[in-house]
Amino acid sequence: MAARRSYASDRRQSGGYRSMQSGNRQAYMYGNIVTKPEYEPRRKSSAKPKKKVSRQVQKNRNRALHMNAAYVIFLAVAATLVLLLCVNYVRLQSELTQRSKHVTALQEELANLKEENTTKYNAVVDSVNLDEIRERAINQLGMTYATADQIVEYDNPASDYVKQYENIPENGVLAQSDKNKK
């Protein structure tokens, strides 16, 4: 502190401090060295003073912090179950991904087989010559075209599929519901 006063007094004598003309005691200091004030302000402490707690409260706190064997076993079992669930979840996700890839491969195989089937069908259809079949049927097998009196047209209101158990009537109507009568 003595060194500080001597330095401050040296500065005053050398003209480092100049007091204001109004008479108050504020001073200006010129230069790059500012001295530390002779007093330090007190800092307010944010820590509150500790309250004394009763023995019962301290005992309850210690008991709450203590883990007994049953609690440790419960936590170990719970952690093991969670670990098993996580492993099972990852296994199921892996299996799902694998099945998805398998389905995709099967779909690609199906598309290839359909394309191959269509190609072969078109090749068979293109290889069939209807004129040749008609010639063979007429010349070799002795078939002829149906005449007008052999053709019987009929209406089937029920479905596209017909089983013939008796002869078709002359009017061409097999069965008719009340809705279709005209």
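Quick notes on the rules
- Residues numbered from 1 in each chain as written.
- Predicted model: local features only at pLDDT ≥ 70, side-chain atom pairs only at ≥ 80, totals over all residues.
- Heavy atoms only, no water.
- Helix = DSSP H or I, 4+ residues; strand = E, 2+ residues; numbered from the N terminus.
- Buried < 20%, exposed > 50% of the residue type's maximum accessible area, 1.4 Å probe, protein only.
- Contact = heavy atoms within 4.5 Å.
- Areas by Shrake-Rupley, 256 points an atom, 1.4 Å probe, with all protein chains shown as cover.
- Salt bridge = Lys/Arg side-chain N within 4 Å of Asp/Glu carboxyl O.
- Patch = residues over 30% accessible without salt bridge, like charges linked within 9 Å, V, L, I, M, F, W, Y side chains within 5 Å.
- pLDDT = per-residue confidence, 0-100.

1. What to know about the overall build of the protein
Counting its secondary structure elements, the protein contains four helices and two strands. Secondary structure elements in the protein, listed N-terminal to C-terminal, are α-β-β-α-α-α. With 182 residues in all, the protein has 3% of them scored as buried. Counted over contacts in the protein with a minimum sequence separation of 6, partners at least 24 positions apart contribute 13%. As presented, the protein carries roughly 18,500 Å² of accessible surface, and 55% of it is formed by carbon and sulfur atoms.

2. Focus: the pattern of salt bridges
Counted under the stated rule, the structure contains four salt bridges. Notably, a salt bridge pairs Lys120 with Glu116, separated by 3.4 Å at the nearest N-O pair. Residue Lys120 and its partner Glu116 are located together in helix H3 (residues 69-127), separated by four residues, close to a single helical turn. Relative accessible area serves as the criterion here: at 52%, Lys120 is assigned to the exposed category. Given a relative accessible area of 41%, Glu116 falls into the partly exposed group.

3. A word on a nonpolar patch on the surface
A cluster of nonpolar residues, Met67, Tyr71, Val72, Phe74 and Leu75, forms a patch on the protein surface that exposes about 490 Å² of accessible area. Secondary-structure assignment places Tyr71 in helix H3. The exposure class of Tyr71 is partly exposed, given its relative accessible area of 41%.

4. Focus on the confidence of the model for the protein
With 69% of its residues at a pLDDT of 70 or more, the protein shows a mean pLDDT of 78. When pLDDT is averaged over each helix and strand of the protein, the minimum, 47, is found for strand S1 (residues 17-19) and the maximum, 95, for H3. Confidence drops under a pLDDT of 50 for residues 14-21, and excluding neighbours within four residues, the segment shows 18 contacts in the predicted structure.

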